[in-house]
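The primary structure of each chain is shown beneath.
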Amino acid sequence: MIGPNELGFLDALAAKTPTPAGGAAAAYAGAMAASLVILVARVTIGKQKNVRLDRKLEKIIAEMEECRAQLVEAVDRDSAAFMALLAARRLPPG
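Computed from a predicted structure; not experimentally measured.

Analysis parameters
Each chain carries its own residue numbering, running from 1 in the direction its sequence is written. Reporting of local features is limited, given that this is a predicted model, to residues whose pLDDT is at least 70; pairs of side-chain atoms are given and counted only at 80 or more, and all residues count toward the totals for whole chains, interfaces and linings. Side-chain numbers come from the whole structure's heavy atoms, not from hydrogens or water. Counting from the N terminus, the helices are the DSSP runs of H or I reaching at least four residues and the strands are the DSSP runs of E reaching at least two. The residues that make up patches have over 30% relative accessible area and no salt bridge, and they are joined within 9 Å when like-charged or within 5 Å when they are Val, Leu, Ile, Met, Phe, Trp or Tyr. The Shrake-Rupley method, run with a 1.4 Å probe, gives the accessible areas here. Residue values count only the displayed protein chains as cover. For this analysis, a salt bridge means a side-chain nitrogen from Lys or Arg found within 4 Å of a carboxyl oxygen belonging to Asp or Glu. Axes here refer to lines fitted to C-alpha atoms; in helices the fit is confined to the stretch in contact. Angles between the N-to-C directions go from 0 to 180 degrees. Roughly parallel means an angle under 35 degrees; roughly antiparallel, over 145; roughly perpendicular, 65 to 115; everything else is oblique. By definition, turning the near helix anticlockwise from the far helix through less than a right angle yields a left-handed crossing, and turning it clockwise yields a right-handed one.

Trainee: Would you mind going over the environment of Leu39 in detail, with residue names and values included?
Mentor: Structurally, Leu39 is set in helix α2 (residues 22-44). Here the alpha-carbon distance between Leu39 and Ile61, two residues 22 residues apart in the chain, equals 8.6 Å.

Laid out in structure tokens, this is it:
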């Protein structure tokens, strides 16, 4: 289910505003990819035929959770950096 935060991001991405834009969208897509890796690992853990992989899968989950958190943070950082660039461009020369 898509929650209101996700719809808000998609609405903001589709709006005629400078941010969020490509960098934020790429980071968001990366966070979704990390989430899918976590899903597959969680579904696989504990299955009899894959039990020898459980420890490795737990490590992958931890790494992907960290990656996802960094990418979610990058969404906001990218937008903030671009807004700062736009503000700097509006300054008078000199």
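We are not done yet, so read on.
Trainee: So what about a nonpolar patch on the surface? Which residues, and what values?
Mentor: A contiguous nonpolar patch, built from Leu36, Leu39, Val40 and Val43 and spanning about 380 Å² of accessible area, is present on the exposed surface. Turning to its location among the elements, Val40 is positioned in helix α2.

Trainee: Provide a residue-level description of the packing of α2 against helix α3 (residues 54-89), including the pertinent values.
Mentor: One can describe the packing of α2 onto α3 by two numbers: an axis separation of 8 Å at closest approach and a directional angle of 160°. Classified by the angle between their axes, α2 and α3 sit roughly antiparallel to one another. As for how α2 packs across α3, the hand of that crossing is left-handed.

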